[in-house]
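Summary of the model geometry
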Amino acid sequence: MEGQAQFTAPLTACQEGTWLAQRAENPPRQYDIRQYADVLGPLDADVFRRALRQAVAETEALRLRFTQDGGAPAQVIRAAGEKIALRHVDLTDEGEPWEAAQALMRADGRHPADPTEGDLYAHVLFKLAPDRYVWYQRHHQLLVDHFGSTLLARRVAALYSATLRGEPYCPPGHAPLRELGEQEAAYRESPQHEADRRYWHEHFADRPEPATVPGHRSVLRDAHPRASGRLSAAGREALRTAAGRTGVSRGALVVAAVATFVCRTTGADEALLSFPVDGRTGPAARRTPCATANVLPLRLPARPGDSLAGLASAAQREIDGLLEHRRYRGERLHAELGRPGGRRDFGPSVAVPASGPDLRFGVARGTLHDLPGGPVEAFSVVVRELPGDAGTSVVLEADPALYDQEWAGAGHRAFVRLLEQAAAEPELPVGRFGVLGAPEHGLVVEGWNATGAERPGTSVPELVARQAARLPGSVAVSDDERSLTYAELDADAGRLATYLISQGVTRGSRVAVLMERSAGLLVALLGVWKAGAAYVPVDAAYPAERVAVMLADSAPAAVLCTGSTRAAVPPGVPGDVVVLDAPGHGRPWPQARRWTRRSGWALRTWRT
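1. Observations regarding the pattern of salt bridges
Tallied over the full model, the rule gives 22 salt bridges. For D114, the salt bridge is made with R23, and the minimal N-O distance between the two is 3.7 Å. Taken as a pair, D114 in the loop between α3 (97–108) and β6 (121–129) and R23 in helix α1 (residues 13–23) lie far apart in primary sequence, 91 residues in all. Given a relative accessible area of 43%, R23 falls into the partly exposed group. Salt bridges sharing partners connect three or more residues here, namely D145, D278, R280 and R286.

2. Digging into the pairing of strand β5 (residues 86–90)
One face of the sheet, then the other: side chains in a regular strand alternate in exactly this way. Across 5 bridges, the pairing between β5 and β6 is parallel. Opposite D90, over in β6, you have K127 as the bridge partner.

3. A word on the packing of helix α6 (residues 191–203) against helix α10 (residues 308–324)
At a minimum axis distance of 10 Å, the contact between α6 and α10 shows a crossing angle of 145 degrees. In contact with D196, Y199, W200 and H203 of α6, α10 contributes E318, G321, L322 and E324. Of the residues contributing to the contact of α6 with α10, the split by class is 3 nonpolar, 2 polar and 3 charged.

4. Thoughts on the side chain of R384
Along the chain, the position of R384 falls in strand β14 (residues 379–385). Among the polar contacts made by the side chain of R384, one reaches the side chain of D370 at a distance of 3.1 Å.

5. Quick notes on the nonpolar core
Ranked by size, the top nonpolar core spans 62 residues in total, and within it V255, F379 and F415 carry the most contacts. Of all the secondary-structure elements, those providing two or more residues to this core are α7 (233–246), α8 (250–266), β9 (270–277), β10 (294–301), α10, β14, β15 (392–398) and α12 (405–424). Looking at this core, the element that brings in the most residues is α8, giving 11 residues. Ignoring any residue separated from it by four or fewer positions in sequence, one finds F415 in contact with V254, A257, V258, F261, V381, V383 and V394. Counting 45 residues, the second-largest nonpolar core is a separate cluster that includes V47, A51, L152 and A364.

6. Focus: the packing of α8 against α10
Contact geometry of α8 with α10 gives a least axis separation of 8 Å together with a crossing angle of 110 degrees. On the basis of their axis angle, the class for α8 and α10 is roughly perpendicular. Crossing geometry of α8 relative to α10 is assigned as right-handed. Of the residues in α10, those touching α8 at A252, L253, V255, A256, A257 and T260 are L308, L311, A312, A315, Q316 and I319. The residue makeup of the contact of α8 with α10, split by class, is 10 nonpolar, 2 polar and no charged.

7. Focus on unusual backbone geometry
Not every positive phi belongs to a glycine, and A378 is a case in point at roughly 65 degrees. Relative to the helices and strands, A378 is located in the loop between β13 (364–371) and β14. A residue is classified by how much of its surface remains accessible, and A378, at 16% relative accessible area, is buried. Despite not being glycine, A555 shows a phi value in the positive range, around 45 degrees. Tracing the sequence through the fold places A555 in the loop between α17 (544–554) and β20 (558–561). On the accessibility criterion, A555 (44% relative accessible area) is partly exposed.

So, how was this worked out
- For every chain, the first residue of the written sequence is number 1, and numbering continues from 1 onward in sequence order.
- Restriction of local features to residues with pLDDT of at least 70 applies here, the model being predicted, together with a cutoff of 80 or more for giving and counting side-chain atom pairs; totals for whole chains, interfaces and linings are based on all residues.
- As a convention, hydrogens and water are excluded, and side-chain values are obtained from all of the structure's heavy atoms.
- For salt bridges, the criterion is a side-chain nitrogen of Lys or Arg within 4 Å of an Asp or Glu carboxyl oxygen.
- Only runs of H or I of at least four residues qualify as helices and only runs of E of at least two qualify as strands under DSSP, and these elements are numbered from the N terminus.
- Residue exposure (1.4 Å probe, protein chains only): buried if accessible area is under 20% of the type maximum, exposed if over 50%, otherwise partly exposed.
- Strand pairing is assigned whenever DSSP identifies at least 2 bridges connecting the two strands.
- A fitted line through C-alpha atoms serves as each axis, taken over the contacting stretch for helices, and the angle formed by two N-to-C directions is quoted from 0 to 180°.
- Note on definitions: a residue-residue contact is assigned when non-hydrogen atoms from the two residues lie within 4.5 Å.
- Under the grouping applied here, Gly and all other residues not named as nonpolar or charged are polar, the nonpolar ones being Ala, Val, Leu, Ile, Met, Phe, Trp, Tyr, Cys and Pro and the charged ones Asp, Glu, Lys and Arg.
- The term polar contact refers here to a pair of N or O atoms within 3.5 Å; inside protein, the definition further demands a hydrogen-donor-capable atom paired with an acceptor-capable atom, and it admits residues adjacent in sequence only when both atoms are side-chain atoms.
- The criterion is simple. A nonpolar core is a set of buried Ala, Val, Leu, Ile, Met, Phe, Trp, Tyr and Cys residues joined through side-chain atoms within 4.5 Å.
- Here roughly perpendicular refers to angles of 65 to 115 degrees, roughly parallel to angles under 35, roughly antiparallel to angles over 145, and oblique to all remaining angles.
- Rotating anticlockwise by less than a right angle from the far helix to the near helix defines a left-handed crossing, while the corresponding clockwise rotation defines a right-handed one.

So this is what it looks like as structure tokens:
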């Protein structure tokens with residue numbers, strides 16, 4: 001039966017989310033789970049190979065292949081019999097064996113696998129010394145999630161030890177993937193699915209927007225901005241003691257600290273976070289390496305006058321409700337809440353997994369560690385108790401499109417400082433604790449605000465024009481009513497720019513924009529830039545007095561609005577008022593391609 005298909009099935013909801021997310025990437029990014037076990041002690045490579053081969057043969061998920069022939073993607077579960085390829089790399093002759101192993105693991109993570117063609121998993125055993133080995137494993141997220149990869153590591157260690165003792169293998173107790181798929185299908189048709197949907201839609205009826213932590217990105221983008229470290233001994237003890245004093249979980253305290261960090265660095269009153277959960281239900285599923293991970297939203301108000309103890313109690317209630325309704329897919333909820341397409345998360349991510357497994361390979365002891373493997377949206381914080389008395393690790397990873405390595409390091413230090421201070425005095429207001437230490441304060445105030453740094457010279461209008469020439473028919477922006485291709489966006493903005501110029505808008509002018517979020521808003525902003533002007537964003541929901549003061553203060557050469565926001569424009573406003581969607585207004589502006597790199601935006605700040 002080797003090489004033959006056992007059966008074909010549609011993708012699960014988790015797999016479909018991963019498939020669509022990776023297909024939407026251009027260029028493609030990694031969607032892998034990557035881990036390594038640092039093994040101290042003697043290891044028999046032949047016995048390890050047999051143990052790994054047995055574990056792979058037992059795991060249906062590692063026999064999955066994926067196809068898409070014009071229609072919906074499908075997974076093919078192949079019959080057992082494929083040989084496991086284990087690379088054995090001897091680094092004992094290297095001057096720095098550990099650094100060499102790290103370099104090879106990083107290199108393996110630079111090339112995303114095509115789900116229909118590439119190698120979806122890999123295993124490498126590095127020998128660093130006679131008594132130290134590193135076992136590296138990579139699995140595509142279509143195959144297994146983080147929990148599944150950890151299950152596999154535990155199974156290999158158990159099989160290795162059983163082989164050394166000459167004992168027979170105990171059955172793994174995996175649930176068949178076909179059975180898990182049937183359970184998922186039954187859930188989608190059940191009253192519980194509808195009850196879960198109702199819970200989430202009621203809980204997020206106001207459609208909250210996540211607060212964006214200010215970022216800093218270097219001109220040369222860092223591939224994986226990441227910082228890691230451990231809590232101090234005093235900080236670890238303070239966190240443990242605070243959990244006992246407040247009667248909440250350590251995870252709730254960490255969630256409260258992350259929410260505080262977000263609100264303190266953005267000025268927001270509420271944090272919207274992403275909370276990863278395991279979607280397995282039942283003991284057999286909990287023993288099965290597969291892909292069921294889910295990401296759901298968690299909202300938590302965090303004001304300076306709140307204490308960590310009070311915030312953690314509120315966080316515990318949020319976590320309890322989330323876990324009760326954890327089977328509802330985050331991808332579905334993301335779309336139903338009208339969140340931006342092409343994304344899966346809801347805001348910065350926080351995870352507090354159980355203590356990492358202490359692997360035993362006979363007398364050798366292995367500790368499992370995570371490596372960057374999948375996209376990070378905004379940033380993620382993972383706080384984990386290490387095996388034994390190794391301490392509490394804190395890892396911060398960041399989206400390279402928003403942050404660089406310098407930011408990741410500063411953000412990691414700031415969060416650890418906040419967590420340790422607040423945990424030591426959980427009854428005090430969190431506003432009493434500083435977020436930035438002296439090094440981070442200097443970095444933010446003096447370093448990131450420096451104006452003499454080199455910046456790319458290409459303007460936004462130029463970038464849009466290039467994209468319009470390269471992909472004219474691709475959708476650039478869409479709202480509930482319409483979509484615009486790059487060619488249409490560029491042309492409409494050009495016509496608006498020419499019209500504004502004809503009305504006296506010149507380089508350095510200011511143009512006020514009172515519009516709701518829509519595709520037309522992007523046309524307006526891009527048109528202002530093309531005209532060489534700066535736009536002044538004005539929220540139509542502001543009080544009339546505030547709108548009037550902002551317009552008088554900025555003295556715009558023109559005011560752009562729509563029929564729905566026209567009433568917010570006060571009489572006697574400086575400049576022409578242009579109602580972009582007025583009946584008969586259409587798109588009267590002739591074609592134009594004029595812009596300047598000095599165009600931008602002007603923001604009126606307020607103090608209360």
